[in-house]
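Observations on chain architecture
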Amino acid sequence: MIRSLTISAAIAGASAAVSALRGAHVNTTAGCTGNTYDFFLLVTQWPITQCMDVFSCTTSQQDFTMHGLWPNNVDGSYPCTCTNEQFNQNAIASILTQMNTFWPSLNGAAASFWAHEYTKHGTCAEDVLPTELSYFSTALKLRSAYDPLAALATAGYNPSNTQGFSVAEFNAALKAQNGFAAAVSCDSSGNILETQVCIGKNLQPMACPASVTNSCSASTLYIPASMH
Ligand code: AMP
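Below or above, wherever it landed, is the structure these notes cover. (Residues numbered from 1 in each chain as written. Predicted model: local features only at pLDDT ≥ 70, side-chain atom pairs only at ≥ 80, totals over all residues. Heavy atoms only, no water.)

**Points about the sheet that holds strand 2 (residues 65–72)**
- A sheet is described by the order of its strands in space; here four strands give the open sequence 2-1-4-3, paired in antiparallel fashion. Strand pairing shows two members of the sheet lacking a second neighbour, strand 2 and strand 3 (183–186), which therefore form its edges. Sheet twist, expressed as the average angle between the axes of neighbouring strands with direction ignored, equals 20 degrees.
- Examined bridge by bridge, strand 1 (residues 39–45) and strand 2 share seven bridges and lie antiparallel to one another. By the bridge assignment for strand 2, F40 is matched with P71.
- The strands touched by helix 7 (residues 167–178) are strand 3 and strand 4 (192–199); relative to strand 4, the strand with the most contacts, the crossing angle is about 40 degrees. (Pairing = 2+ DSSP bridges. Helix = DSSP H or I, 4+ residues; strand = E, 2+ residues; numbered from the N terminus. Axes fitted to C-alpha atoms, helices over the stretch in contact; angles between N-to-C directions. Contact = heavy atoms within 4.5 Å.)

**Digging into the environment of G76**
- By the element assignment, G76 lies in the loop between strand 2 and helix 3 (96–102).
- Sequence separation between G76 and D38 is 38 residues; the distance between their C-alpha atoms is 10.0 Å.

**Some details on the pairing of strand 1**
- Burial runs high along strand 1: seven of the seven residues are buried.
- Because side chains alternate across strand 1, one face comprises the buried residues F39, L41, V43 and Q45, and the other comprises F40, L42 and T44, equally buried.
- With six bridges connecting them, strand 1 and strand 4 associate as antiparallel partners. Opposite Q45, over in strand 4, you have E194 as the bridge partner. (Buried < 20%, exposed > 50% of the residue type's maximum accessible area, 1.4 Å probe, protein only.)

**A few points about the pattern of salt bridges**
- Following the criterion strictly, the structure yields one salt bridge and no others.
- Across the salt bridge formed by K201 and D127, the nearest N and O atoms sit 3.0 Å from each other. Taken together, the residues span a long stretch of sequence, with K201 in the segment after strand 4 and D127 in the loop between helix 4 (110–120) and helix 5 (132–145) at a distance of 74 residues.
- For D127, a relative accessible area of 47% corresponds to the partly exposed category. (Salt bridge = Lys/Arg side-chain N within 4 Å of Asp/Glu carboxyl O.)

**Considering the packing of helix 4 against helix 5**
- One way to put it is that helix 4 packs onto helix 5 with a least axis distance of 11 Å and a crossing angle of 105 degrees. On the basis of the axis angle, helix 4 is roughly perpendicular to helix 5. Contact residues: W114, E117 and Y118 in helix 4; E132, Y135 and F136 in helix 5.
- Taken together, the residues that form the contact of helix 4 with helix 5 break down as four nonpolar, no polar and two charged. (Parallel < 35°, antiparallel > 145°, perpendicular 65-115°, else oblique. Nonpolar A, V, L, I, M, F, W, Y, C, P; charged D, E, K, R; others polar.)

Okay, here's the thing in structure tokens:
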């Protein structure tokens, strides 16, 4: 199944109850397949757009915040819930401040969002990121190193409700910082919902395969400065 930015922003994740261990595991969760993957998608959100369009929330946070670090395959398929390991918040106590700032929930308790991301995606990344702490701390480091907001600011595009840029300009800005274009999703007014940066198993940026596509039909993109 091809993973669409729009779909991933809108559908509720449904993790099947699983009991088998990695390797012996039969993955029954809808929309995902297998236990292997080729690379990571570093998926960040613009919280102001998310609160305007997706969740019932208010925010003035002008940062791209984490949705997830998702093991993904070149053909667009992806594994999920690869072990029966459960999320343990104590394991990430040392990075809780950064988690609350850069991986906030816009929809209820943060721990529920983190648990969803870890059990669904993090458990599939254990060949590269063997512990829960390594999964979350590496995701935060990647967000900071390949931050779309920094790339856009360097190119002269800043949060604004009125000054925008094209998808081509978005990709040129990301390429100038990361070495490679990314993918972006937006709402019908062009407000950015999410971005996806492709990251190799060596934790370096890489060219996105053709299955990672923009989901944005508006001709002008905005990183809105405030809810409107
Ligand atoms: P995923 O299954 O990893 O594609 O994530 C989708 C799930 O994450 C859905 O249930 C969304 O409602 C939820 N979600 C996405 N972003 C956030 C957020 N910032 N806060 C809380 N839940 C979120």
